[in-house]
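# Geometric and topological summary
Spelled out from the first residue to the last, the chains are:
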Amino acid sequence: MSKQRITWGIAPIGWRNDDIPEIGAGNTLSHLLSDIVVAGFEGTEVGGFFPEPKVLNKELKLRNLKIAGKWFSSFIIRDGLVSVSQLFHEHCQYLKEVHANVAVVSEQTYSVQGTVQNVFANKPCFTDEEWERLCEGLNELGKIANQYDLKLVYHHHMGTGIQTKEEVDRLMENTDSQYVHLLYDTGHIFVSDGDYLAILDKHITRIKHVHFKDVRQNVKEQCEKIGKSFQQSFLAGMFTVPGDGCIDFTKVYKKLINSNYHGWIVVEAEQDPQIAHPLEYALMARGYIDEKLMSIKNNALMSN
Ligand SMILES: O=C1C[C@@H](O)[C@H](O)[C@@H](O)C1=O
Ligand SMILES: [Co+2]
């Protein structure tokens, strides 16, 4: 019998959002972490409002929670590797001190993620020369991450230069598998390409971190029709927790389990916490996982 080990987490993004710090600003760290325990998750990712490692570690220990990783916006193309590396060292040092596993990296040069531009029509595309600099730079950041016992996992993202499957393919082909791994985010690839399984099938061996984000198809279509920005789209409710949207997570989970995926699966659903009660949605996600996914795990184990 092969040993399967998935660690289930939920991201702070349903309570507070780093991209729009005003929303959910009243939700404290204690509130978030205690909700995570109530909902039955084992940990989370670091949000922008999290405190220094010593303070955070104490709060985590009190609740027996762990940290998976933290987002890092890289600007390798815009700023060059020297300045990015310096910031990345600090990022990795923080992550090491909170005993994290992964550094989540997303290249934000030319990104429209935080702008008012129509995210469905205006993604940036890198030139061949920019691609080369990005891939070389990511290999170097990956080496830095390894020095801190971390894995660099690249986050494909709507409104950025690495959004589509084609772009993920190119990134994976041109980076070193020792240093650059992939974060598979179901919601981002669904909104971008529709097909959310192709990346999983093709790059399963490079995937070292997973975000489970569901999509409300009708809201997505409305947002696309109107030409909303990324932020306007998630505020309108484009994303939700697994089981509440149109993605079939049983297929995704089966593939992960059957490929012997070890690591975190983090539920990540950015919504307006005034509209979508964070604990209610966290419990909904947990209910879906327990009811629809845990039986798959058992079946997969029994047939091994
Ligand atoms: O992993 C993520 C982190 C967020 O900052 C981002 O905007 C969100 O969409 C996401 O997938
Ligand atoms: Co994500």
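Since this is a predicted model, take the numbers as computed values, not measurements.

### Notes on unusual backbone geometry
The phi dihedral of His99 falls on the positive side, at around 60°, and the residue is not glycine. Mapped onto the elements of the fold, His99 is located in the loop between helix H4 (81-97) and strand S4 (102-107). Take His99: its relative accessible area is 60%, and that puts it in the exposed class. The phi torsion at Asn260 lies on the positive side, around 65°, for a residue other than glycine. Here Asn260 is to be found in the loop between helix H11 (249-258) and strand S10 (263-267).

### What about helix H1 (residues 29-38)?
Every α-helical turn comprises 3.6 residues, leaving residues that sit three or four positions apart pointing alike. Along H1, the residues that are buried comprise Leu29, Leu32, Leu33, Asp35 and Ile36. The arc that holds every buried residue of H1, seen down its axis, measures 160°, which confines them to one face. One or two residues past the end of H1 sits Gly40, with phi positive at roughly 85°.

### Some thoughts on the coordination of the cobalt ion (ligand 2)
Around the cobalt ion (ligand 2), the donor atoms from the protein are His155 (NE2), Asp185 (OD), His211 (ND1) and Glu268 (OE), and they sit 2.1 to 2.3 Å away. Bound by 6 donor atoms, the cobalt ion (ligand 2) shows angles of 71 to 167° at the metal and therefore octahedral coordination geometry. The sequence motif formed by the donor residues of the cobalt ion (ligand 2) is H-x29-D-x25-H-x56-E. On the criterion of sequence distance, the pair formed by His211 in strand S7 (residues 207-212) and Glu268 in the loop between S10 and helix H12 (278-303) is long-range, its members being 57 residues apart.

### Looking at the site of ligand 1
Of all residues adjacent to ligand 1, which total 13 residues, the nearest are Asp19, His155, His188, Glu268 and Glu270. Separating an oxygen atom of ligand 1 from a side-chain N or O atom of Gln113 is a distance of 3.2 Å. Here an oxygen atom of ligand 1 and a side-chain polar atom of His188 are 2.8 Å apart. Bound to the protein, ligand 1 loses 93% of the 290 Å² it would expose on its own. Considered class by class, the residues forming the shell around ligand 1 number 3 nonpolar, 5 polar and 5 charged.

### Examining the nonpolar core
Ranked by internal contacts, the top residues of the largest apolar core, which has 91 residues, are Phe88 and Phe212. Considering every element that reaches this core, the biggest residue donor is H12, with 8 residues. The contacts of Phe88, once residues within four sequence positions are left out, are Phe72, Ala103, Val105, Leu141, Ile144, Ala145 and Leu152. Ala11, Ile13, Ala68 and Val266 belong to the second-largest nonpolar core, a separate cluster that totals 5 residues.

### Considering the UniProt feature "domain: Xylose isomerase-like TIM barrel" (unreviewed entry) in the protein
According to UniProt, the positions carrying the feature "domain: Xylose isomerase-like TIM barrel" (unreviewed entry) are residues 88-273. Annotated as residues 88-273, this span is 42% helix and 17% strand, and its ends, taken at the C-alpha atoms, are 30 Å apart.

### A short note on the state of the cysteines
Under the counting rule described, the total for this entry stands at 0 disulfides. Residue Cys125 stays outside any disulfide, its sulfur separated by 14 Å from that of Cys135, the closest cysteine. Among the cysteines around Cys223, which has no disulfide bond, Cys246 carries the closest sulfur, lying 13 Å off. In this structure Cys223 comes out as buried when scored by relative accessible area, which is 2%.

### Notes on helix H7 (residues 186-193)
Among the 8 residues in H7, 6 count as buried, and that is most of the element. Residue Asp185 occupies the N-cap position of H7, its side-chain oxygen lying 3.0 Å from the main-chain nitrogen of Gly187.

### Details of the packing of aromatic side chains
Using the criterion set out here, one finds 11 aromatic pairs in the structure. On the basis of an interplanar angle of 80° and a centroid distance of 6.3 Å, the ring pair of Phe249 and Tyr288 is categorised as edge-to-face. Linking Phe249 in helix H11 with Tyr288 in helix H12, this pair joins segments that are 39 residues apart in sequence. Feature note: the residues Trp8, Phe212, Phe249, Tyr253 and Tyr288 constitute an aromatic cluster, connected by ring pairs. Its end group placed over the ring of Phe239, Lys213 keeps NZ or CZ at 4.8 Å from the ring centre. Sitting over the face of the ring of Phe41, Arg286 holds its NZ or CZ atom 5.4 Å from the ring centroid.

So, how was this worked out
Residues numbered from 1 in each chain as written. Chains lettered and ligands numbered in written order. Predicted model: local features only at pLDDT ≥ 70, side-chain atom pairs only at ≥ 80, totals over all residues. Heavy atoms only, no water. Helix = DSSP H or I, 4+ residues; strand = E, 2+ residues; numbered from the N terminus. Buried < 20%, exposed > 50% of the residue type's maximum accessible area, 1.4 Å probe, protein only. Arc of directions from axis to C-beta. Donors = N, O, S within 2.8 Å, 3.2 Å for Na, K, Ca; no water. Tetrahedral: all angles 85-135°; square planar, octahedral: opposite > 155°, others 65-115°. Near = heavy atom within 4 Å. Polar contact = N/O pair within 3.5 Å; in protein donor to acceptor, adjacent residues only side chain to side chain. Areas by Shrake-Rupley, 256 points an atom, 1.4 Å probe, with all protein chains shown as cover. Nonpolar A, V, L, I, M, F, W, Y, C, P; charged D, E, K, R; others polar. Core = buried A, V, L, I, M, F, W, Y, C linked by side-chain atoms within 4.5 Å. Contact = heavy atoms within 4.5 Å. UniProt positions renumbered as here; feature names shortened; annotations may be inferred. Disulfide = S-S within 2.5 Å. Phe/Tyr/Trp six-rings, centres within 6.5 Å; stacked < 30°, edge-to-face > 60°. Lys NZ or Arg CZ within 6 Å of the ring centre and 35° of its normal.

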